[in-house]
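Next come the chains, spelled out residue by residue.
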Amino acid sequence: MRCAVLVPEWRTEDVFLAAFARSMGSYQEPSGVLYIASSLLAAGHSVLYDDGALRSNAQMMRKVASFNPRFVGLSVVAPLWPSAKRLLADLRRALPHATLAVGGPWPMAAAPQCLEEAPEVDVVFTCEGELASKDAVAALEDGEDLTGIPGLVWRATDGTIVDNGYREPIHDLDALPFPARELMGRDIQRCTLPPGGYQAAPVTHVIGSRGCTNRCIYCFHYEQEATIRLRSPENIVAEVVECVERFGFREVRFLDDNFTVDRDRVFRFCDLLDQSGVRIPWYVSSRVDTVDAEMLRRMKASGCWAVLYGIESGVQKNLDTIGKNVTVDRVRQVVADTHAAGIEMFLPFMFGIPGETFEEGLETIDFALELDPYYANFNAITPFPGTWLWENGGRMGTMVRDPHRLTFQGVAFTPHTMSKQELERLRQIAFRRFYSRPSYALRWLRGAGNRHVARAILRGLPSLAALWLDRGAFKA
Ligand code: SF4
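Procedures and definitions
Residues numbered from 1 in each chain as written. Predicted model: local features only at pLDDT ≥ 70, side-chain atom pairs only at ≥ 80, totals over all residues. Helix = DSSP H or I, 4+ residues; strand = E, 2+ residues; numbered from the N terminus. Rg over C-alpha atoms; globule rule 2.2 N^0.38 Å. Contact = placed C-beta atoms within 7 Å. Expected span 1.5 Å × (residues − 1). Buried ≥ 20, exposed ≤ 12 C-beta atoms within 10 Å, placed from the backbone. Arc of directions from axis to C-beta. Pairing = 2+ DSSP bridges. Axes fitted to C-alpha atoms, helices over the stretch in contact; angles between N-to-C directions.

Colleague: I'd love a proper account of the overall build of the protein, names of residues and values included.
Modeller: Along its length, the protein carries 17 helices and 17 strands. A globule of 476 residues ought to have a C-alpha radius of gyration of about 23 Å, and the protein, at 22 Å, matches this closely. Its C-alpha atoms give the protein principal-axis dimensions of roughly 65 × 55 × 40 Å. A sequence separation of at least 24 residues applies to 74% of the contacts in the protein between residues at least 6 apart.

Shown next as structure tokens:
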């Protein structure tokens, strides 16, 4: 069957504040969509793929109309729901008989709302889209309806909404085909991260595990259990080799929630990567309770140049409130070990935690300066649908439930313990203090021989100016 998988059009300004959109501009391939595409291809279907990060809805519609698919799937995050609805209306006009489906974080968390707000939607995939979409397309090809296929909610011909229930997570992730990067064509050359976030381009994203053993109050996971499913190091290295040798990628960023959760697996991965002969920079996300100094040195020796730890707060009470399950002392120790290993750090922090005061926010800023990472981000906590905070935040603060404003930039949640203006001020003070330090500027200037770093400096300058000149730079 002819199938199309798309991301609705969006621009950096849709998810970043205007003053910083330029310096945050990047392009990352939609890995989840490419996984769906590869499953459909493996099942023998023809697949058209396109990405609205690079093309307008109108441009994509021209391709889709001439391909004439019988099944179209859109991947949607909350801020893109208005764009998705526009694209769905265009698709329905052009393809009156096609089955239109949506998946991704927003539909997974708000399936009934999607079906209600977009009458064009026939199916919402709620878990394990690779299998659910493959089974759905097989049923449609056989002229059947979607009865009994787990992991989706659908609209029957009489208009009834049918929830087929939970689909068990895929346990053997090695059995999945690699994402269909071959469909990206020349888009591969456009894959970068925000300036300063990579050492060589193009950069691709590899997902070595799914799930997380923790449950922070603001983090969305569709799995009923707080568990993690791991691909084997052999399987991951095979994908990395394919990315480099077949597609020409020059850096890999791992999208695992916690790449270092299994110590033996990390060492085995490093051994296999070395043996493969592929020598590229790579970057992982981790938790400070699952790394140690020896592991960090081993990772560095195999090419790991940066680690992201979600630090979030420098105040223990607030770490406990968000369910981070780490201590401030442990953060200090691991950050020191990571500095000693020669690995750069990306540390996100957040403001607006339930119960947090303005003064505690200032403590978090001091903590960020003390840790002195390569890069720090200061977001507003955001209550995404499907999270504990979305369900319970109304008791602890003021919530915005408009999906378009559910970005880390939009101050979608304001705790009763601080005002929205204080939250915006904290972000401005934090970015200003962190990025205006002469020692920080010097460190970057020393790296300016690398053209990607030089580009990051140039693109960061307007944002730095906005931090000082625009008093309302963080006004959402
Ligand atoms: S924020 Fe990180 S540690 Fe917390 S639940 Fe999500 S992935 Fe796990």
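Colleague: Which residues make up helix 13 (residues 358-371), and what are the values?
Modeller: Here helix 13 spans 20 Å end to end across 14 residues, near enough to the 20 Å set by a 1.5 Å rise per residue. Among all positions of helix 13, only Gly361, Thr364, Ile365, Ala368 and Leu371 are buried. For helix 13, the buried positions fall inside an angular range of 125° around the axis, keeping them on one side. Residues of helix 13 that are exposed and point more than 90 degrees away from the buried face comprise Glu359, Asp366 and Glu370. Tucked into the core, helix 13 has its buried residues touching helix 12 (328-341), strand 14 (344-351), strand 15 (375-380) and helix 15 (420-435). Positive phi shows up at aspartate 372, right after helix 13, with a value of about 55°.

Colleague: Describe unusual backbone geometry, with residues and values.
Modeller: Across the junction of alanine 201 and proline 202, the peptide omega takes the value 0°, indicating a cis bond. Within the secondary structure layout, proline 202 lies in the loop between strand 7 (161-163) and strand 8 (203-206). Phi at asparagine 68 takes a positive value of approximately 55°, unusual for a residue other than glycine. Locating asparagine 68 in the fold gives a position in the loop between helix 3 (57-67) and strand 3 (71-75). Phi at glutamate 128 is positive, roughly 45°, even though this residue is not glycine.

Colleague: Describe the sheet that holds strand 15, listing the residues and the values that go with them.
Modeller: One open sheet holds the six strands; their spatial order is 8-11-12-13-14-15, and the pairing between them is parallel. Every interior strand has two partners, whereas the edge strands, strand 8 and strand 15, have only one. If you compare each strand with its neighbour and ignore which way they point, the axes differ by 20° on average. As judged from the six bridges shared by strand 14 and strand 15, these two strands associate in the parallel manner. Each residue of the ladder has a partner; that of methionine 350, found in strand 15, is asparagine 379.

Colleague: Lay out the environment of tryptophan 305 in plain terms, naming residues and giving numbers.
Modeller: Take tryptophan 305: it is sitting in strand 13 (residues 304-309). In sequence terms tryptophan 305 and tryptophan 282 are 23 residues apart; their C-alpha atoms lie 6.0 Å from each other. The contacts of tryptophan 305, once residues within four sequence positions are left out, are Gln199, Pro281, Tyr283, Ile343 and Glu344.

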